[in-house]
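An overview of the molecular structure
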Amino acid sequence: DDDDFDKAVAAAEAMTLTDQQDQQLEWAQDQAKEAQKQMRVLQSELEAMGSLKYAAEKELRVAKEAQGALEIRLMELDAKATAAVRTAEEMKAQVAQAGMLVQRAETAEKKLMSAGLELKKESILRKKSMNELRALKGNIRVCARVRPVTAGGNAKEDASIGLERMDEYTLQVETNRNTAGGGQAVVHKYEYDQCFPQSSSQESVYEEAKDLLQSCLDGFNVCLFAYGQTGSGKTHTMLGSPGSDGVIPRFINDLYHWSEVSGGLNNVVTVRAYMLELYQDQLIDLLMDPSESDGKKLEIKRDPSTGIVHVQGAALVSAESPEVLRAILDKGLTRRKTASTKMNDTSSRSHLIFSVLVQNHVPATNATTMGKMTFVDLAGSERVNRSGAIDDETRLNEAKAINKSLSALGDVVQALTTNQQFVPYRNHKLTQLMADSLGGNSKCCMIVNVSPLASDADESRNSLDYASRVKNVTNEASKSLETQIITKLKKEIEKLKSQLGKS
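Reading guide: rules and limits
- Residues numbered from 1 in each chain as written.
- Predicted model: local features only at pLDDT ≥ 70, side-chain atom pairs only at ≥ 80, totals over all residues.
- Heavy atoms only, no water.
- Patch = residues over 30% accessible without salt bridge, like charges linked within 9 Å, V, L, I, M, F, W, Y side chains within 5 Å.
- Areas by Shrake-Rupley, 256 points an atom, 1.4 Å probe, with all protein chains shown as cover.
- Salt bridge = Lys/Arg side-chain N within 4 Å of Asp/Glu carboxyl O.
- Lys, Arg positive; Asp, Glu negative; His and termini not counted.
- Charge placed at Lys NZ, Arg CZ, Asp CG, Glu CD.
- Helix = DSSP H or I, 4+ residues; strand = E, 2+ residues; numbered from the N terminus.
- Buried < 20%, exposed > 50% of the residue type's maximum accessible area, 1.4 Å probe, protein only.
- Phe/Tyr/Trp six-rings, centres within 6.5 Å; stacked < 30°, edge-to-face > 60°.
- Lys NZ or Arg CZ within 6 Å of the ring centre and 35° of its normal.
- Core = buried A, V, L, I, M, F, W, Y, C linked by side-chain atoms within 4.5 Å.
- Contact = heavy atoms within 4.5 Å.
- Polar contact = N/O pair within 3.5 Å; in protein donor to acceptor, adjacent residues only side chain to side chain.

1. Considering a negative patch on the surface
Taken together, D19, D22, E26, D30 and E34 make up a surface patch of like negative charges. By the secondary structure assignment, E26 is in helix α1 (residues 2-137). On the basis of relative accessibility, which here comes to 47%, the residue E26 falls in the partly exposed class.

2. Points about the packing of aromatic side chains
Evaluation of the coordinates by the stated rule reveals 4 aromatic pairs. With a centroid separation of 4.3 Å and 15° between ring planes, the pair formed by Y227 and Y466 is classed as stacked. Of this pair, Y227 sits in strand β6 (residues 221-227) while Y466 sits in helix α10 (residues 457-470), and the two are 239 residues apart along the sequence. Across this residue pair, the class does not change: Y227 and Y466 are buried. Over the ring of Y425 we find R302; its NZ or CZ atom is 5.6 Å from the centre of that ring.

3. Quick notes on the nonpolar core
Among the nonpolar cores identified, the biggest contains 51 residues, and F225, L276, L378, L438, M446, L464 and V470 are the most heavily contacted of them. With 7 residues, the single largest contributor to this core is helix α8 (residues 393-417). Those residues in contact with L276 that sit more than four places away from it in its chain are L283, I284, D285, L286, L298, V311, A314, H351, L352, I353 and L433.

4. Digging into the pattern of salt bridges
Taken as a whole and judged by the stated rule, the model has 12 salt bridges. A salt bridge links R336 to D377; the shortest N-O distance between them is 2.8 Å. Within this pair, whereas R336 is found in the loop between α6 (322-334) and β14 (338-339), its partner D377 is found in strand β17 (residues 367-377), the two being separated by 41 residues in sequence. Residue R336 shares its accessibility class with D377, and that shared class is buried. A salt bridge links D465 to R461; the shortest N-O distance between them is 3.7 Å. Placement of both D465 and R461 in helix α10 is noted, with a separation of 4 residues, approximately one turn of the helix. What makes D465 partly exposed here is its relative accessible area of 26%. Classification of R461 as partly exposed rests on a relative accessible area of 33%. One network of salt bridges, with partners in common, ties together E207, K210 and D254.

5. What about the side chain of H351?
Structurally, the position occupied by H351 is in strand β16 (residues 351-362). Residue class for H351 comes out buried when judged on its relative accessible area of 2%. Polar side-chain contacts of H351 include one of 3.0 Å to the backbone nitrogen of A379. Apart from residues lying up to four places away in sequence, H351 is in contact with L276, E277, L278, R336, D377, L378, A379, I402, S405, L406 and L430.

Everything listed here is a matter of geometry and, on its own, says nothing about what the molecule does.
So, in structure tokens, the structure goes:
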């Protein structure tokens, strides 16, 4: 039927429409899903953009803070630059004045140097004046001599310097209160009539004492003695070495030259000498053969009228020329006691006394002067532990005897410098022999020999302290003059003594 067909067409069309709607619905749904998906993507992108915005805002804030800090730093730099410019201007002004300041400093330095030199000159003149004043008062002349570092057996121990010569009158010694504990160094200064440096020659030392030695020919009692620790150069100063004569050989040569000058006035000069050794408290005659000296007693005497010391029983040998007197000296030296120690290869183990008697007769006035020149080369004080004497009984006994005699000499010096009524000359043979040299009637010169080494500083200080005390001893030097009348009276006295003895 047509109606059925129409219904069928309408149904087919309705189904088609429904399918289309379903398809459209499905497509719409798919589109909706796709839209939702895109919405989610957009939402994620939006969230990411929000994060980026937050980060950007944060970075912007940090940038603004950095900009603020930079502006502050720029302000500080600007202030510093301004201050630097101001400082530069001030420095420029100071530099402008620097030339004037340098000139003023140089001028002041020159004035200071000049003032220092003037002060040093004034100091030396003051010391020289004091020395001359002491000489006028009769004080013993004291000189100090510093031996070279290269000399002496103990130079190998320690080459550091502990003693220095400040000027021609002053020595300075540096000691340590507590060497083991690193104690502070102590500086001691000493002033003498002359201070000879390490480089001093034998000639310069002799020239200093030469005027004193010439007094012997004028009739004075003269003494020159050397003092110091063992190895300090005493014997070298007094006797010298081959090619480098000491004080004694130079005196011998000059003595006969002075005699020849006096001989031009027809004077008659007679020279005699004796030489003794004080070894372990025993007095030995070095000019007498041992076979002759056995049992012969040597007695130390002092003339009550002149105060001059002589040794009774000692060989008194005449010397007509410097060669003869030098031979006498050399003969005695070969018999002197010496030994090798750790401090000195040729250490003197005894005190040496060499006396030269000079009689000068002047026919024109019939007057006679009797001068006496005594050289004393003292054995050196020593510490037995350092010298090695403690390990050798003979050396130990020698050291004890030496130190004992020097101690007795120190007691005499102490008594003289403190003006004690009793002076203990008789306490030891050494002090008896030197009784007319210390506190007696002689013109006297002491040469204290010292080592410059720091290892010897304590011994050097002891020697210098001793020399400083000796410097204050006063002698009353007098000339031994015998006129014609005195000679006649002496002959009369001898004649009367002889007659009394016969009666």
